[in-house]
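Spelled out from the first residue to the last, the chains are:
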Amino acid sequence: MVSDGHSLRRISSRYYGTDARWQDIYEANRDVLQGADALKIGQRLRIP
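Computed from a prediction, not measured in an experiment: that's the story for all the values here. Here the residue numbers are simple positions, counted from 1 along each chain's written sequence. Totals for whole chains, interfaces and linings use every residue, but because this is a predicted model, local features are given only for residues with pLDDT of at least 70 and side-chain atom pairs only at 80 or more, for both listing and counting. Side-chain descriptors were evaluated using all non-hydrogen atoms of the structure, hydrogens and water having been removed beforehand.

Another point: the overall build of the protein chain. Helical segments are the DSSP runs of H or I of at least four residues, strand segments are the runs of E of at least two, and each set is numbered from the N terminus. Regarding its fold elements, the protein chain presents two helices and zero strands. By its C-alpha atoms, the protein chain is 25 × 20 × 15 Å across when sized along the principal axes. Buried positions account for 25% of the 48 residues belonging to the protein chain. Put simply, the protein chain shows about 3,500 Å² of open surface, and 42% of that area lies on carbon and sulfur atoms. Accessible area is worked out with a 1.4 Å probe on protein chains only. A residue is then buried under 20% of its type maximum, exposed over 50%, and partly exposed in between. Accessible areas in this description were obtained via Shrake-Rupley with a 1.4 Å probe; residue shielding takes into account the shown protein chains only.

If you want it as structure tokens, here you go:
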């Protein structure tokens, strides 16, 4: 779940140990994200 201060890079770092895979998360969630910086607090994302 997205919290205040989260970014795709930060989420990638948490789950993959590197911030370089943020695009994988973005691609898996294109249907709910309007852009790479369009995260909303409380939003649930799929982590591929």
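Looking now at the environment of R46. Relative to the helices and strands, R46 is located in the segment after α2 (22-28). Separated by 12 residues in sequence, R46 and Q34 place their C-alpha atoms 15 Å apart. When residues no more than four places from it in sequence are discounted, the contact partners of R46 are I25, A28, N29 and D31. As used in this structure description, the phrase polar contact means that two N or O atoms lie within 3.5 Å; if the pair is within protein, one of them must be able to donate a hydrogen and the other to accept it, and residues adjacent in sequence are counted only when both atoms belong to side chains. For R46, the side chain forms a polar contact with the main-chain oxygen of A28, separated by 2.5 Å. We call two residues in contact whenever any of their non-hydrogen atoms come within 4.5 Å of each other.

Between 30 and 60 degrees the pair is tilted, below 30 it is stacked and above 60 it is edge-to-face, where a pair is any two Phe, Tyr or Trp rings, Trp via its six-membered ring, whose centres lie within 6.5 Å. For the structure on display, the rule yields zero aromatic pairs. Each ring is checked for a lysine NZ or an arginine CZ that lies within 6 Å of its centre and within 35 degrees of its normal; such an atom marks a charge sitting over the ring. The ring of Y16 carries R21 above its face, with NZ or CZ at 3.8 Å from the centroid.

This part takes up helix α1 (residues 8-16). By the burial criterion, the buried members of α1 are L8, I11 and S12. Taken down its axis, α1 places every buried residue within 100° of arc, on the same side. Where the residues of α1 are buried, they touch α2. Positive backbone phi, at 80°, marks G17, one or two positions downstream of α1. Note that the arc is defined by the directions from the helix axis to the C-beta atoms.

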